[in-house]
Amino acid sequence: MSTNAPLGALHEPLTGRHLDARACRGEIARRADFLRRLGLQRGDRVFLHHGHSAQFFIDLAAVWNAGGTAVPLDARLSPFEIDQLAGVARPRFCLFEAEPSAAVADVLERYGTQLVGPGMPAGLSTELQPGAAAPDDDALILFTSGTTGEPKGVVHTHRSLQVRWRHQLSHLGSAPLQRTLCLLPTNFAWGLAGNALFVWMTGHDLFVLPPYRSDVLLQLARLCDEHEITYLPTVPSMWRTVLRMVAPPVKGSLRRVACGTSPLSAALWRDVRNWARTDDVINVYSMTECGVIACHSSATAEPEDGLVGTPFTGTTVRIVPPDTPRPDVLHVEECAPETPGQIWVRSDCLMRGYYQRNDLTSEVVVDEWFCTGDLGARDTHGRIRLVGREKDMINAGGVKIYPGDVDKVIERAAPVLDCCTFAASDPLHGEQVAVAVVLKSGNAAELAEVHRWARERLASFQVPRVWYLLDAIPRTARGKLNRARVAQVCANRKPVDARLLHGRTGQGAGP
């Protein structure tokens, strides 16, 4: 972090802690001075074993100012998962607010990692020193998956982050960002790089809350009104709680709501717009590896399922047939309008690569083009619509079915709170369409209405053949659907009796 970087204020609505921009700079200077005295050197990796607080942002900026590489973690990770990540990153230090468990401490000490709490000695400098890092030095390592398998850390440099933020300001403007409320995880790109750091390090006030906690979500409207929040970054999954249980804010301070990590359906998009009482609700298509790819605001056109608009500043998109070999992606003819294909992206904000995994990097990057793994199509206006993930596509006897399209229909049925369509094995066709449904009332008899709704609105080959009734849909820590995980959960349950789906006496799901 440079001495002339603009900073906003940091607020913790639940604790009342507040640091204005001047106080932030002083705290960053003290923390960076302390880390230098402990021996932090340029390029050292530093675990941040905490988040969602003012201290987290002070620590991260101090690591950067001292020349280190920040590695934000979810403090809830098990000792085994910490061991997996530490074995890859080999952190020099681990910063924490609440002391890690003895088991986690033992893991880190095996790697020679020094544990550093929030306390600091007196006499530290309160004047920021020139940043020790160069623009192309590693700034962030964000682990996107593999904490229990093969860790995959996305590396972003200081340059790629700065370019991302310049493009976001150019494309979206800064006026709505003045007072931003962030209740997204600070160890993932959408919450951290795409929103919290972007807002704070472009001079705007950041209000920080714990992510996805139901007691916090129930206070969302009050917090927006009380703190006159102007910008609210979100994910689709949190709105299932908010829309059902929280009355809208009344003061009208919200100017923009953004939704990322997975595409909005048109119905949910309109519901969010009505709750927030602003036309500017943005469906954002972004990835950890390359920043924002595209976005679309309902202020410019009515919501449509999966619509993410035109490519973002600094980004070029190619949509090619899904079965295109990797060497041919830059030469094959792109898909015609309205024809789904695999999305490849070239971005000014592309990651440096996966940390110490050139093999994984080469699987998804070809001549600076990144394979997103997403399927989408351009409409006749050149706008991109997402239809799902390539790995999730269902092949039912040679017929390709996009589970996201089925989700968007079923979730509109009045009794449905949440749903997830996935592939189930079938001895005749290889795969068949299955769906897990969460009902608002929990009354299994209402599945007959949902089944009828689906049959009336979906093509016959899209209608799920197997139905499961769940209490909740399993999601990742980022609120994303993991269809394979949902399939695993359902594999251990009985599907809904077909008689119940047709409104006749039968039994619901069981263990």
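Up top is the structure these notes are about.
Please read these numbers as outputs of a predicted model, since none were measured by experiment.

Draft legend 1. Quick peek at the overall build of the protein chain. On a plain count of helices and strands, the protein chain comes out with 15 helices and 26 strands. Its C-alpha atoms give the protein chain a radius of gyration of 24 Å, within 12% of the compact-globule value 24 Å for 511 residues. With the principal axes as the frame, the protein chain shows a C-alpha extent of 75 × 55 × 50 Å. Expressed as a percentage of its 511 residues, the buried residues of the protein chain come to 57%. Put simply, of all contacts in the protein chain between residues at least 6 apart along the chain, 67% involve residues at least 24 apart. Total accessible area on the protein chain stands at roughly 20,800 Å², and carbon and sulfur atoms take up 48% of it. Taking the 55 positively charged and 55 negatively charged side chains of the protein chain as two groups, their mean positions are separated by 2 Å.

Draft legend 2. Representation of the packing of aromatic side chains in the model. For the structure shown, the criterion picks out four aromatic pairs. When the centroid spacing of 5.1 Å and the interplanar angle of 90° are considered together, the rings of F56 and F57 count as edge-to-face. By the burial criterion, F56 is buried, and F57 matches it. With centroids separated by 5.8 Å and ring planes inclined at 65°, the aromatic side chains of F57 and W200 adopt a geometry described as edge-to-face. Residue F57 is found in helix α2 (residues 54–65), and its partner W200 is found in helix α6 (residues 192–200); the two are separated by 143 residues along the sequence. For the pair F57 and W200, one class covers both residues: buried. Taken together, F56, F57 and W200 form an aromatic cluster joined through their ring pairs. Here the guanidinium or amino end of R457 rests over the ring plane of W453, the centre of that ring lying 3.4 Å away.

Draft legend 3. Expanded view of the environment of S125. One can find S125 in the loop between β6 (114–116) and β7 (138–145). Classification of S125 as partly exposed rests on a relative accessible area of 24%. For the pair S125 and G68, spaced 57 residues apart in sequence, the C-alpha separation works out to 18 Å. Ignoring any residue separated from it by four or fewer positions in sequence, one finds S125 in contact with A29, R30 and D33. A polar contact of 3.1 Å, which involves the side chain of S125, links it to the backbone nitrogen of E127.

Draft legend 4. Region of the structure containing the sheet that holds strand β24 (residues 416–426). Strand order in the open sheet formed by three strands is β24-β25-β26, and the pairing between neighbours is mixed. What marks the edges here is a single partner per strand, and that holds for β24 and β26 (466–469). Neighbour-to-neighbour, the strand axes of the sheet open up by a mean angle of 25°, direction not taken into account. Across the sheet, helix α13 (residues 447–457) lies against β24, β25 (430–439) and β26, angled at about 140° from β26, the strand it touches most.

Draft legend 5. Local environment of the nonpolar core. Counting 83 residues, the largest nonpolar core has F57, W64, W200 and W239 as its most contacted members. When residues in this core are grouped by element, the largest group, nine residues, is from α2. Counting 23 residues, the second-largest nonpolar core is a separate cluster that includes I394, I401, I410 and L439.

Draft legend 6. Fine view of empty space enclosed by the protein. Per the stated rule, a full pass over the model turns up three cavities of 30 Å³ or more. By volume, the largest cavity is sized at about 130 Å³. Of all elements in the fold, only α5 (158–172), α6, β12 (256–259), β13 (281–287) and β14 (291–297) reach the threshold of two or more residues within the lining of the largest cavity. Top contributing element to the lining of the largest cavity by residue count: α6, with three residues.

Draft legend 7. Seen up close, the pairing of β26. Side chains V466 and Y468 of β26 all project onto a buried face; the interleaved residues W467 and L469 project onto the opposite face, where all are buried too. In the sheet, β25 pairs with β26 via four bridges, with the strands oriented parallel. Residue pairing in the sheet places V435 in a bridge with W467 of β26. A crossover links β25 with its parallel partner β26, the connecting element being α13, and its sense is right-handed.

Rules used in this analysis
Residues numbered from 1 in each chain as written. Predicted model: local features only at pLDDT ≥ 70, side-chain atom pairs only at ≥ 80, totals over all residues. Heavy atoms only, no water. Helix = DSSP H or I, 4+ residues; strand = E, 2+ residues; numbered from the N terminus. Rg over C-alpha atoms; globule rule 2.2 N^0.38 Å. Buried < 20%, exposed > 50% of the residue type's maximum accessible area, 1.4 Å probe, protein only. Contact = heavy atoms within 4.5 Å. Areas by Shrake-Rupley, 256 points an atom, 1.4 Å probe, with all protein chains shown as cover. Lys, Arg positive; Asp, Glu negative; His and termini not counted. Charge placed at Lys NZ, Arg CZ, Asp CG, Glu CD. Phe/Tyr/Trp six-rings, centres within 6.5 Å; stacked < 30°, edge-to-face > 60°. Lys NZ or Arg CZ within 6 Å of the ring centre and 35° of its normal. Polar contact = N/O pair within 3.5 Å; in protein donor to acceptor, adjacent residues only side chain to side chain. Pairing = 2+ DSSP bridges. Axes fitted to C-alpha atoms, helices over the stretch in contact; angles between N-to-C directions. Core = buried A, V, L, I, M, F, W, Y, C linked by side-chain atoms within 4.5 Å. 1 Å grid on protein atoms, 1.4 Å probe; cavity = no way out; pocket = protein on both sides within 12 Å on 5 of 7 lines; lining within 4 Å. Points joined across faces, edges and corners; volume = space filled by probe spheres on them. Right-handed = clockwise from strand over helix to strand, strands pointing away.

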